[in-house]
Amino acid sequence: MEPGSVHDLTAARMHVLGALYAAATAGLPTLADSGYDGAGIGIHTPIKQPEGNQILSPDNRTYNRLLRALRCLGERGFALLKGRWRILQHITASPSAIGDIARAALALTHFEHNYLPTIR
């Protein structure tokens, strides 16, 4: 988190876009909202409505709908984790520790909701 009012894209450029570009080259795209428009390779954002009375083509509307539907799943999952595990709301640990804590919270949440696969 940056002090003061920093735009999402500015903060992303300073902290995470390098890792996201590396992920994109490995075939892992990032789904983002329109605040990240112009972020670069592998960052998928919604297509904006054209100026005037024009409307988006059916392909572009479908792309936006699919992007929203996929992002919704991730947003809902993160909201579930943050709501259930208070430590994830205001965490200040190192990025590697955050990943370990998030993985543990996800495993425990899966256990709580019986989402774990059966072991044979």
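Below or above, wherever it landed, is the structure these notes cover. (Residues numbered from 1 in each chain as written. Predicted model: local features only at pLDDT ≥ 70, side-chain atom pairs only at ≥ 80, totals over all residues. Heavy atoms only, no water.)

1. Some thoughts on the overall build of the chain
And step 1. When you go through the chain residue by residue, the secondary structure sums to four helices and two strands.
And step 2. Secondary structure elements of the chain occur, N-terminal to C-terminal, as α-α-β-β-α-α.
And step 3. In summary, the chain has a C-alpha radius of gyration of 18 Å against a globular reference of 14 Å for 120 residues, an excess of more than 25%.
And step 4. Here the C-alpha coordinates of the chain stretch approximately 55 × 40 × 30 Å along the principal axes.
And step 5. Looking at the 120 residues of the chain, the share that counts as buried comes to 15%. (Helix = DSSP H or I, 4+ residues; strand = E, 2+ residues; numbered from the N terminus. Rg over C-alpha atoms; globule rule 2.2 N^0.38 Å. Buried < 20%, exposed > 50% of the residue type's maximum accessible area, 1.4 Å probe, protein only.)

2. A word on a nonpolar patch on the surface
And step 1. A surface patch of nonpolar side chains, amounting to about 290 Å² of accessible area, comprises Leu31, Leu70 and Leu73.
And step 2. Owing to a relative accessible area of 62%, Leu73 belongs among the exposed residues under this scheme. (Patch = residues over 30% accessible without salt bridge, like charges linked within 9 Å, V, L, I, M, F, W, Y side chains within 5 Å. Areas by Shrake-Rupley, 256 points an atom, 1.4 Å probe, with all protein chains shown as cover. Salt bridge = Lys/Arg side-chain N within 4 Å of Asp/Glu carboxyl O.)

3. Quick word on the environment of Gly74
And step 1. Looking at the element boundaries, Gly74 is found in helix H3 (residues 58-84).
And step 2. Separated by 25 residues in the primary sequence, Gly74 and Gly99 place their C-alpha atoms 16 Å from one another.

4. Concerning the packing of aromatic side chains
And step 1. Tallying each qualifying case throughout the model produces zero aromatic pairs.
And step 2. The ring of Trp85 has Arg84 lying over it, and the distance from NZ or CZ to the ring centre is 4.2 Å. (Phe/Tyr/Trp six-rings, centres within 6.5 Å; stacked < 30°, edge-to-face > 60°. Lys NZ or Arg CZ within 6 Å of the ring centre and 35° of its normal.)

5. Some points on the pattern of salt bridges
And step 1. The full count for this structure, using the stated rule, is four salt bridges.
And step 2. Taking the shortest distance from any N to any O, the salt bridge between Arg71 and Glu75 comes out at 2.8 Å. Here Arg71 pairs with Glu75, and both are found in helix H3, just four residues apart, close to one helical turn.
And step 3. The residue Asp100 makes a salt bridge to Arg103 at a minimum N-O spacing of 2.7 Å.

6. Examining the side chain of Thr45
And step 1. Its place among the elements puts Thr45 in the loop between strand S2 (43-44) and H3.
And step 2. Looking at Thr45, its side chain comes within polar contact range of the side chain of Asp37, at 3.3 Å.
And step 3. Setting aside residues no more than four positions away along its own chain, Thr45 makes contact with Ala32, Asp33, Tyr36, Asp37, Tyr63 and Leu67. (Polar contact = N/O pair within 3.5 Å; in protein donor to acceptor, adjacent residues only side chain to side chain. Contact = heavy atoms within 4.5 Å.)

7. Here we look at the nonpolar core
And step 1. Membership of the largest hydrophobic core is limited to six residues, which are Leu9, Ala12, Leu17, Ala32, Ala39 and Ile43.
And step 2. For Ala32, the residues in contact, after removing those within four places along its chain, are Ile43, His44, Thr45, Pro46, Leu67 and Arg71. (Core = buried A, V, L, I, M, F, W, Y, C linked by side-chain atoms within 4.5 Å.)

8. Topic: the side chain of Thr30
And step 1. Structurally, Thr30 can be placed in strand S1 (residues 30-31).
And step 2. Excluding its chain neighbours within four sequence positions, the residues that come into contact with Thr30 are Leu20, Gly42, Ile43 and His44.

9. As for the environment of His110
And step 1. In this structure, His110 sits in helix H4 (residues 95-112).
And step 2. On the accessibility criterion, His110 (29% relative accessible area) is partly exposed.

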